[in-house]
Amino acid sequence: MAERTIQAAAPGITAPGARPGRGSRSLRRILQWSGVLPFGTYVALGLAAPTIAIAIAAFRNPSTGSFTLSNVRLATEGSYLPGLRNGIVLATASAIVPGIFGLLIAYAIHTAKRGRLLRQMVITASGVFANFGGVPLAFLFIATLSTTGVVTGWLSDLGWDPWNHGFTLYNPVGVFVVYMYFQIPLMVLVILPALEGLRPAWREAAENMGAGTWQYWRHVGGPVLFPAFLGCVLLLFGSAFSAYATAEALTGGTVAITSIQIGALENGNVLAGQQNVGYALGLFMVVIIGIVMIFYAILQRRAARWLR
Amino acid sequence: MAAVASTGQAIAQPPGPAARPARRGGSFPVWRWAILLAAAAYFLIPLYSALKFAGLKAFPGIFRQSGFISAMGLSLRLALITTILTLLLMVPTVVYVHLRLPQIRRMMEAITILPIVIPPIVLIIGVLKVAPGFLLGTPYLLALLYVILAMPFAYRSLDAGLRAFDLKTMVEAASSLGAGLPATLWRVVLPNIRTAMLSATVLTVALVLGEFTMASLDLYQTFPVWIVNFEQNSGPVSVAASLFALFVTWILLMVIVTAGSWSSRKRGGGEVALFTVVRQDFSQTTGEPE
Amino acid sequence: MTASTTAGSGRHGRSGRHGDGMGAPVTLQDLSRSFGAVRALDGLSLHIAPGELVALLGPSGCGKTTALRIVAGFEAADAGSVTVDGKDLSPVAAAKRDMGMVFQSYSLFPNMTALDNVGFGLRMRRLRAADRQRRSAELLDMVGLSPQARSYPHQLSGGQQQRVALARALAIEPRVLLLDEPLSALDAKVRLQLREQIRALQQRLGTTTLFVTHDQEEALSMADRVGVMKDGRLEQVAAPDELYARPATAFVAEFVGIMNRLPGSLLGQDQVRALDTVVPVHGDVPAGLAGDVDVLVRPEGLQIAAAPGGNGIVTDRTFLGSVTRISVRLSGDVTVKVDYPSAAAASLTPGESVQVSLPAAAVLVTGRR
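The shown structure was predicted, so the numbers you read here are calculated from the model rather than taken from an experiment.

### With respect to the overall build of chain A
Counting secondary structure elements, chain A contains 14 helices and 0 strands. Split into buried and exposed, the 308 residues of chain A put 49% on the buried side. The contacts of chain A with a sequence gap of at least 6 include a subset with a gap of at least 24, amounting to 75%.

Listed below in structure tokens is the structure:
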């Protein structure tokens, strides 16, 4: 085990409390916090440092190293602004629709007393699919819904070829269809704990007082669950907004959303003097995510009040 | 539970004739099957399509392609290292927070949720900028980064597992019986979060085996990256490889989960529910005697 | 005792070092502890003789659990000391204090069988597996749970779990046994059974015991002495019968057993008039009290007789076995309860007029509420 970590935690756990010193109160408090030092360091190095580096680079002129706003400016011109817009719209749709489906599925398995095996299976499947993205997923859907895909074939046989009606896998709409594949399972996983918090006693009490199913959900279940639900939807937004691999593999890097554009810039498809525009774009993404996270935190606090 | 059965009508027909909360038999209401069937269709059809597209003959072709062994090997190695590192980092931290710093739990949740929402693409370009030279040269930088990506899942699983029993009382009991810190962790705490650690492992492994973005930009050929690089050569084989990747992940997870559930049920533990711990006797959530 | 036992003798030991049993004398000296602005303990001092069972009794928030946890080593006192067998334990970590503790609930290790739970402390003391098993089995037998040795905690009822917890605490032959409201989470019948069992075991082994509870019946029935606490201080420490018959303060009087409150007026410093009688005051009059006061009397301390035109009307009666508790409303809207032998209480029915009076015995006085 991590000896280092245990040592740091030791003063905390093996009761320094037994020593009634007066001056050692603040020392004790420092020791208390030392237990999360490894974690804090890791997060600082792995999350904070890169983010700060990006923030700095976003304002740096690539050739002279001096402060400049040109990266940021360029990041809002040309195809970048539509890219941001597409990215946000795509993420929003990819959050709400899977959010609802995910909730329904989670609810379907959560209340199944005799369906324990079913629940186990669905949960495991969700764990697998929530992380299943990128290339394999893209290939799956190409095989399914491309012009020569299997399902496309079925639908054509039935007389309605989606490709003839404007459908394409290679624009944000197509990407949305594919995103559902991991967004729905993600929703199932993150909403289940909230569902566990809905006590059966509430339902029974409501029925006892004459409430029907609809009234229960309208007055009790819905309001209680709503903050958690919204929070999870925000989470899904973040996940969809950040996604890169799937869209990249699916469209070959041609769909106009921000994450793809950053990838392109990083891979060298850059005009002279614009090397740091990618960092500016990255900064935008971080800011947007940051705002989303703040709302998420507020909602979680609300949800926790009732559901824990 | 009557509540359960009559809830069944809820979502399908909201404003309709309010379902009489009568005692129904414990049968699955229709809407539940409808939803699950629709979901199954959406998830299984692409798998089937891919299978059909690739053709069964394409599968043996996977192994014959060059680089398969090394790519697969790299991914598995990374998965192992990431899992170990993640557990080493998160288990003591979460236990410590539960025991000594319960007030920052909310903040911990917020921090550990960040990796889900921080674009890996953004993260990797940042890391490539700040990472020291010696790390950049090895693929194990990826393992270190994957630990960050795995954090949300690991944290939530471990947190849920620890909330399922009264950690503080148990640690004090062990202490009163003469156990020092290591003995307490090893004999009392760890055995009781075995299920949660399993969940964390499962999610971490799934993550590593599927991660493409950071690996490709870091220019290392992990299995997912290898699959992409193969598209040019052979469509069917690539698709077959994708299915294979999914299949391998699935099997791995099922094995881990089944083994874990079985052993924990013996000791009265819950199922491996990934983010929560569900007790056997399914009443309400395990009481939280905090 | 400690030396011989921790060397792993595994003997069912009576050390002979501290009288008959394993217990050591415990002294709490001027313990104080604050949590922020709240003063949980305010100079608590208590001495527990070897083998004695002392109960700390009081309402929630009175500091009794804090005191226990300080003795156990899970909290540190801001001031004061804990001395066991002459040795100051302040610098000693909880794990090294050699005390057995039984918690309120959920303290059994779910991943171990009952037998392994009981043997845990012995394992920490490096007893060999064979000795450990034998001793654990002995203790499970003592609490009557031998058949459940291989059961897991989740398979045991609440009462059984606490018995295992007790066996586990006693397995290490502790010098001091600490019990933190161990029966609160159990249902009534189990609670009664366990009370007797704990007491019997404790006496048999002669372990010094500190028992915290908010249930006065529990404290009175189990303890050698009871310390009543309020707001971090001990109001009175005495044997149960002493506590009941001669409560030192009004708080103790009302907390232990049932007390009636009657309006009265103080006459000087040692007499009080109530119910048209003048009676002496028991003990000292609380400082600053004069004029209108409340008089405290037990139900069995009042006299009652059927009398038309008396000073009260019977409102209710409760059959308690050999006595019947009669509720009477006196003039001035004061309600009292009077205990009267059931055999003779037939005529005291609701609606009847009665005369309630004070016998010529000393009474406690306290401020008018």
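### Considering the overall build of chain B
Helix and strand counts for chain B stand at 14 helices and 2 strands. Taken across its 290 residues, chain B has 54% of its residues classed as buried. Of the contacts made within chain B by residues no fewer than 6 positions apart, 75% connect residues no fewer than 24 positions apart.

### Observations regarding the pairing of strand β17 (residues 323-330) of chain C
All names here are of chain C. Here strand β16 (residues 312-319) runs beside β17; their pairing, made up of 7 bridges, is antiparallel. When the sheet's bridge partners are listed, Ile313 is paired in β17 with Arg329. Between β16 and β17, which pair antiparallel and follow one another directly, the connecting turn spans 3 residues, one of which, Gly321, has a positive phi of 110°. Where β17 and strand β18 (residues 334-341) come together, 8 bridges link them in antiparallel fashion. From the neighbouring strand, Arg325 faces β18, where its bridge partner is Asp339. Connecting β17 to the next strand, β18, in antiparallel fashion are 3 residues, including Gly332 with a positive phi near 90°.

### Details of the interface of chain C and chain B
In this assembly, 22 residues from chain C lie in contact with 19 residues from chain B. Among the secondary structure elements, those contributing two or more residues to the side of chain C that touches chain B are β6 (99-102) and α3 (114-124) of chain C. Taken together, the residues of the side of chain C that touches chain B break down into 14 nonpolar, 6 polar and 2 charged.

### Let's talk about the sheet that holds strand β11 (residues 260-267) of chain C
Residues and elements named next belong to chain C. Spatial strand order, β13-β12-β11-β14-β20: 5 strands in an open sheet with antiparallel pairing. Whereas interior strands pair on both sides, the edge strands pair on one side only; in this sheet they are β13 (277-280) and β20 (364-367). If you compare each strand with its neighbour and ignore which way they point, the axes differ by 45° on average. The sheet contact formed by strand β12 (residues 271-274) and β13 spans 4 bridges and is antiparallel. The partner of Ala274 across the bridge, within β13, is Thr277.

### Topic: the interface of chain A and chain B
Reports of interface size often rely on the accessible area that becomes lost once the parts have come together. The interface of chain A with chain B comprises 84 residues on the first partner and 89 residues on the second. Of the residues forming the side of chain A that touches chain B, the biggest block, 12 residues, is contributed by helix α3 (residues 37-58) of chain A. Along the lines of polarity and charge, the residues of the side of chain A that touches chain B split into 49 nonpolar, 27 polar and 8 charged.

### Quick notes on the confidence of the model for chain A
Residue and element names in this part refer to chain A. For chain A, mean pLDDT is 79; residues scoring 70 or higher make up 88% of the total. When pLDDT is averaged over each helix and strand of chain A, the minimum, 33, is found for helix α1 (residues 3-13) and the maximum, 90, for helix α5 (residues 80-110). Across residues 1-22, where pLDDT falls below 50, the model places 52 contacts with residues more than four positions away in sequence or in other chains.

### Structural notes on helix α9 (residues 172-196) of chain A
Residue and element names in this part refer to chain A. The end-to-end C-alpha distance of α9, which contains 25 residues, comes to 35 Å, matching closely the 36 Å that a straight helix rising 1.5 Å per residue would cover. Along its length, α9 shows its largest kink, about 40°, at Met180. Of all 25 residues making up α9, 20 are buried, and the element is well covered by its neighbours.

### As for unusual backbone geometry
Residue and element names in this part refer to chain C. Positive phi values are uncommon outside glycine, yet Asp30 reaches one of about 50°. Tracing the backbone shows Asp30 in strand β1 (residues 26-35). Of note, Glu173 is a non-glycine position whose phi angle comes to about 50°, a positive value. One can find Glu173 in the loop between α5 (158-171) and β7 (176-180).

### What about the pairing of β16(C)?
Across 2 bridges, the pairing between β16(C) and strand β19 (residues 353-357) of chain C is antiparallel. The residue of β19(C) that forms the bridge with Gly312(C) is Val354(C).

### Thoughts on the environment of Thr83(B)
Residues and elements named next belong to chain B. Following the sequence through the fold, Thr83 ends up in helix α4 (residues 68-100). Residue classification places Thr83 among the buried residues on the basis of 24 C-beta atoms within 10 Å. Each C-alpha atom, one on Thr83 and one on Val237, is 29 Å from the other, the two residues being 154 residues apart in sequence. If we ignore the near neighbours within four places in the chain, the residues touching Thr83 are Thr201, Thr204 and Val205.

### Some remarks on α5(C)
All names here are of chain C. Across its 14 residues, α5 extends 20 Å between first and last C-alpha, which sits within 8% of the 20 Å expected from 1.5 Å per residue. Most of α5 sits out of view: 12 of its 14 residues are buried. Gln160, Gln161, Gln162, Arg163, Val164, Ala165, Leu166, Ala167, Arg168, Ala169, Leu170 and Ala171 are the residues of α5 that are buried. In the segment just after α5, Glu173 is the residue with positive phi, at about 50°.

### Description of the sheet that holds strand β9 (residues 225-230) of chain C
Residues and elements named next belong to chain C. Taken in spatial order, the 6 strands make up an open sheet running β6-β7-β8-β3-β9-β10, and their pairing is mixed. For this open sheet the edge positions go to β6 and β10 (233-238), each flanked by a neighbour on one side alone. Going across the sheet, the axis of each strand differs from the next one's by a mean of 20°, ignoring polarity. In the sheet, strand β3 (residues 53-57) pairs with β9 via 4 bridges, with the strands oriented parallel. Counted as the bridge partner of Leu57 is Val228 from β9.

### Overview of the environment of Ile125(B)
Within the element layout of this structure, Ile125(B) appears in helix α6 (residues 120-130). Exposure remark for Ile125(B): the 24 C-beta atoms within 10 Å place this residue in the buried category. Spatially, the C-alpha atom of Ile125(B) lies 8.7 Å from that of Met214(B), the residues being 89 residues apart in sequence. Residues contacting Ile125(B), with those up to four places away along its chain left out, are Ile54(A), Glu266(A), Gly278(A) and Gly282(A).

### Some remarks on the packing of α3(C) against α5(C)
Residues and elements named next belong to chain C. Interhelical geometry of α3 versus α5 gives an angle of 25° and a closest axis separation of 7 Å. Relative to α5, the element α3 is oriented roughly parallel. For α3 against α5, the interelement crossing comes out right-handed. Along the contact surface, α3 presents Ala114, Asn117, Val118, Gly119, Phe120, Gly121 and Leu122, while α5 presents Val164, Ala167, Arg168 and Ala171. Among the residues forming the contact of α3 with α5, the class breakdown is 7 nonpolar, 3 polar and 1 charged.

### A short note on the confidence of the model for chain B
Residues and elements named next belong to chain B. For chain B, the average pLDDT comes to 74, and 79% of its residues sit at 70 or higher. Put simply, helix α1 (residues 2-12) is where chain B has its lowest mean pLDDT, 33, and helix α9 (residues 167-176) is where it has its highest, 92. For residues 1-27, every residue scores under 50 in pLDDT, and the model assigns this stretch 43 contacts once sequence neighbours within four places are set aside. Counting contacts from residues 276-290, a segment whose pLDDT is below 50, to residues more than four positions away or on other chains yields 29 contacts. Across the assembled chains, the prediction reports ipTM 0.76 with pTM 0.74.

So, how was this worked out
Residues numbered from 1 in each chain as written. Chains lettered and ligands numbered in written order. Predicted model: local features only at pLDDT ≥ 70, side-chain atom pairs only at ≥ 80, totals over all residues. Helix = DSSP H or I, 4+ residues; strand = E, 2+ residues; numbered from the N terminus. Buried ≥ 20, exposed ≤ 12 C-beta atoms within 10 Å, placed from the backbone. Contact = placed C-beta atoms within 7 Å. Pairing = 2+ DSSP bridges. Nonpolar A, V, L, I, M, F, W, Y, C, P; charged D, E, K, R; others polar. Axes fitted to C-alpha atoms, helices over the stretch in contact; angles between N-to-C directions. pLDDT = per-residue confidence, 0-100. Expected span 1.5 Å × (residues − 1). Bend = angle between axes of the 7 residues up to and from the residue. Parallel < 35°, antiparallel > 145°, perpendicular 65-115°, else oblique. Left-handed = near helix turned anticlockwise from the far one by under 90°.

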